[in-house]
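# A structural walkthrough
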Amino acid sequence: MSLKKILIVDDEPDVVAYLSAVLESNGYKAYSAGDIKSAMKFVKEILPDLICLDIVMPNETGISFYIKLQKEKEFKNIPVIIVSGIIESEKFNFRSYVKDESIKPPKCYMEKPVNIKSFIKNIEELTN
Amino acid sequence: MTGSFNNKNLWKQEYQTLFDRVPCYLTVINKDFRIVRANDAFHENFGDALNQHCYAIYKRRKTKCLNCPAVKTFKDGKVHRSHQQGIGKHDQKIYYVVTTSALIKGANNINYVIEISSDITPMKKLEEKVIETKRLGAVGQTVAGLAHSIKNILMGLEGGKYIVSLGLKKNNKEMINQGWEMLERNFDKTTSLVKDFLSFSKGRIPDLEMSNPVDLILEIVDLYKDVAAQSGIELIPQFDDKIKPLPFDKAGIHTCLTNLVSNAIDACLMSEQKGTKVLIKVYEKRNRLIIEVHDNGSGIDYEIKKKIFTTFFTTKGGGGTGLGLLTTRKIVEEHGGKITVDSQKGKGATFKMEFLRERLMALYKESKKN
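Note that the structure is predicted; figures quoted are calculated from it, not measured.

A separate point is the overall build of chain A. A tally of regular secondary structure across chain A gives four helices and five strands. Scanning chain A from its N terminus toward the C terminus, one meets helices and strands in the order β-α-β-α-β-α-β-β-α. Relative to its 128 residues, chain A shows a buried fraction of 52%. About 6,300 Å² of surface is accessible on chain A, with carbon and sulfur atoms providing 50% of the total.

Residue-level contacts link 25 residues of chain A with 22 residues of chain B. Between chain A and chain B the total buried area reaches about 1,900 Å² when both faces are included, carbon and sulfur atoms providing 59% of it. On the surface where chain A and chain B come into contact, there are four salt bridges. Where aspartate 14 of chain A meets lysine 189 of chain B, a salt bridge forms, and the shortest distance between an N and an O atom there is 3.8 Å. Between chain A and chain B we count seven residue pairs in polar contact (both at pLDDT 80 or more) in total. Per-element accounting of the side of chain A that touches chain B gives the leading share, eight residues, to helix H1 (residues 13-25) of chain A. A per-class count over the side of chain A that touches chain B returns 14 nonpolar, four polar and seven charged.

Okay, the confidence of the model for chain B next. It should be kept in mind that the predicted coordinates are not to be read in detail where pLDDT is low. Taken as a whole, chain B shows an average pLDDT of 85; of its residues, 89% reach a score of 70 or greater. Overall fold confidence for the complex sits at a pTM of 0.55, while the interface term, ipTM, reaches 0.84.

For the rest of this paragraph, the subject is the sheet that holds strand E11 (residues 338-343) of chain B. Residue and element names in this part refer to chain B. One open sheet holds the five strands; their spatial order is E7-E9-E10-E12-E11, and the pairing between them is mixed. One side of each edge strand has no neighbouring strand; the edge strands of this open sheet are strand E7 (234-239) and E11. Neighbour to neighbour, the strand axes of the sheet diverge by 15° on average, direction disregarded. Of the strand pairs in this sheet, strand E10 (residues 288-295) and strand E12 (residues 349-356) are connected by eight bridges, and their pairing is antiparallel. The partner of aspartate 295 across the bridge, within E12, is alanine 349. In this fold helix H7 (residues 213-230) packs onto E7, strand E9 (277-285) and E10, with an angle of close to 170° to the strand it touches most, E7.

Next up on the list: the packing of aromatic side chains. Residues and elements named next belong to chain B. Scanning the entire structure with this criterion turns up 11 aromatic pairs over all chains. Both rings, one in tyrosine 25 and one in phenylalanine 42, keep their centres 6.4 Å apart while their planes meet at 75°; by these two values the pair is edge-to-face. Placement of the pair is tyrosine 25 in strand E1 (residues 25-30) and phenylalanine 42 in helix H2 (residues 40-46), with a sequence separation of 17 residues. The pair tyrosine 25 / phenylalanine 42 is uniform in exposure class, with both members buried. Among the aromatic residues, ring-to-ring pairing joins Tyr25, Phe42, Phe46, Tyr58 and Tyr96 into one connected group.

A word on a positive patch on the surface. All names here are of chain A. A surface patch of positive charge is lined by Lys73, Lys76, Lys104 and Lys107. Counting through the fold element by element, lysine 104 comes out in the loop between strand E4 (80-84) and strand E5 (108-111). Overall, the relative accessible area of 44% leaves lysine 104 in the partly exposed class.

Let's shift gears to the side chain of threonine 350 of chain B. Residue and element names in this part refer to chain B. Considering the arrangement of structural elements, one finds threonine 350 in strand E12. Looking at threonine 350, the relative accessible area reads 18%, which means it is buried. A distance of 2.7 Å separates a polar atom in the side chain of threonine 350 from a polar atom in the side chain of histidine 294. Not counting residues up to four positions away in its chain, the partners in contact with threonine 350 are Glu292, Val293, His294, Thr340, Val341 and Asp342.

Looking at the element boundaries, cysteine 68 of chain B is found in the loop between helix H3 (54-59) and helix H4 (69-76). Separated by 13 residues in the primary sequence, cysteine 68 of chain B and arginine 81 of chain B place their C-alpha atoms 8.6 Å from one another.

A separate point is the nonpolar core. Residues and elements named next belong to chain B. Leu257, Ile280, Ile291 and Met353 are the most contacted members of the largest nonpolar core, which has 37 residues in total. Counting only elements with at least two residues in this core, the list comes to H7, strand E8 (246-248), helix H8 (250-270), E9, E10, helix H10 (324-334), E11 and E12. Counting residues per element, this core draws most heavily on H8, which supplies eight residues. Filtering out sequence-adjacent residues up to four positions away, isoleucine 291 remains in contact with Ile217, Ile253, Leu257, Lys281, Val282, Phe351, Lys352, Met353 and Phe355.

Once that is clear, we can look at the pattern of salt bridges. All names here are of chain B. Evaluation of the coordinates by the stated rule reveals 19 salt bridges over all chains. The residue arginine 60 makes a salt bridge to aspartate 91 at a minimum N-O spacing of 2.7 Å. Here the residue arginine 60 occupies a position in the loop between H3 and H4, and aspartate 91 occupies one in the loop between strand E3 (80-87) and strand E4 (93-102), the gap between them amounting to 31 residues. Overall, the relative accessible area of 44% leaves arginine 60 in the partly exposed class. For aspartate 91, a relative accessible area of 54% translates into the label exposed. Across the pair glutamate 354 and arginine 288 runs a salt bridge whose closest N-O atoms are separated by 3.8 Å. A residue pair is termed long-range when its members are at least 10 positions apart, and glutamate 354 in strand E12 and arginine 288 in strand E10 qualify at 66 residues. Classification of glutamate 354 by relative accessible area gives buried; the value is 13%.

So, how was this worked out
- Residues numbered from 1 in each chain as written.
- Chains lettered and ligands numbered in written order.
- Predicted model: local features only at pLDDT ≥ 70, side-chain atom pairs only at ≥ 80, totals over all residues.
- Heavy atoms only, no water.
- Helix = DSSP H or I, 4+ residues; strand = E, 2+ residues; numbered from the N terminus.
- Buried < 20%, exposed > 50% of the residue type's maximum accessible area, 1.4 Å probe, protein only.
- Areas by Shrake-Rupley, 256 points an atom, 1.4 Å probe, with all protein chains shown as cover.
- Contact = heavy atoms within 4.5 Å.
- Buried area = accessible area lost by both parts, 1.4 Å probe.
- Salt bridge = Lys/Arg side-chain N within 4 Å of Asp/Glu carboxyl O.
- Polar contact = N/O pair within 3.5 Å; in protein donor to acceptor, adjacent residues only side chain to side chain.
- Nonpolar A, V, L, I, M, F, W, Y, C, P; charged D, E, K, R; others polar.
- pLDDT = per-residue confidence, 0-100.
- Pairing = 2+ DSSP bridges.
- Axes fitted to C-alpha atoms, helices over the stretch in contact; angles between N-to-C directions.
- Phe/Tyr/Trp six-rings, centres within 6.5 Å; stacked < 30°, edge-to-face > 60°.
- Patch = residues over 30% accessible without salt bridge, like charges linked within 9 Å, V, L, I, M, F, W, Y side chains within 5 Å.
- Lys, Arg positive; Asp, Glu negative; His and termini not counted.
- Charge placed at Lys NZ, Arg CZ, Asp CG, Glu CD.
- Core = buried A, V, L, I, M, F, W, Y, C linked by side-chain atoms within 4.5 Å.

Now the structure itself:
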């Protein structure tokens, strides 16, 4: 059985290294992109089973990338976990970023530093 | 009504009502600065005042107020105005704009001056509230930015710890090294963040000494020339030989320049174009010392440009603390100068620090006195 492909989109190399190590040691294949442009390239090339997405990134935010994905028929169903340090999990309000009701909120929001057990549990649930 | 104006008594009554009920404090003072007449509005807010010195009543002072417009009116007979702050009869602060005028227009000898004071306390309070709200907003934003940076560092530390322990479990030396480097890097980031934050929060007075800005520019070029050369970036100093020394805080301006030059190098690294360069230019124009740091790197888009000097903000992921330009602006302003940026996405950027020579000299004289 081929491994599930997880794409990590984050401009912080240490976060990428950490999440990749966690994913790989839990039986996933991790890919990473440090900006939105290369993230989009990866999505088209590998069609990931799930995307871990940071919000604050240079040039273009994770939210704008998420909107782009939602507007593409072939990518809109890829589950997305937002992994960000900008706000506490319970206070994350997707509608304060995206007013357009036709864009569904991401499947999950996790606050940095992430709790690894919950992170893996969420990945398992969303990729099965 | 027309008929009433011919009636002296009515006219007098109308004048009295106007004097008492006009929404200003009115007082007439003599040459000794004693109040000889005051309207009801004045009595209501400042209490009984007849025959007392206006400064004693308005401000509870024993001597005339600084910047007193009445002194000027007694002297030249002209209308004068000033902003003042007084104390009401219930010890409340009263802010007012006072206009003074000779009671009898065109008189050779001015014996009486009328003081007309408009109460601007509600406006002043509103202004104070706006400033306080802005201040709290800025504090909130700074704290949120700080929390964001700390969370990223924590994530790096957790990551390092995780990879080291995974490496130990698998007996994988490469992994242990990778995790250890992550730990080291994130400890260093904690140090830089704390250092930058402290230097930003310090309300320090610049330590001014007469120096030549050209020497400082050459020092910075020397500091960065290897880093720039390794990345294929040309670092060019450009200066006017005739610049005379002037007072500035060498350590402070050094910090500003290292922030600007390292940002410029980062912008060149982020750019896809070849032949990138950073130009550090120092010159004098209309009695202003101008230091410019120009690069032809990735440039800054409009949304980001709006907040770079005011918000705890970074586009460099884990590479920046988000405090560099905030600190730079603070140091420049401590020198009485200003910093501006001119940039377009993809077309490089020019950061310009401007210092008025006169202002620097005045600050220098003041610092010597202290």
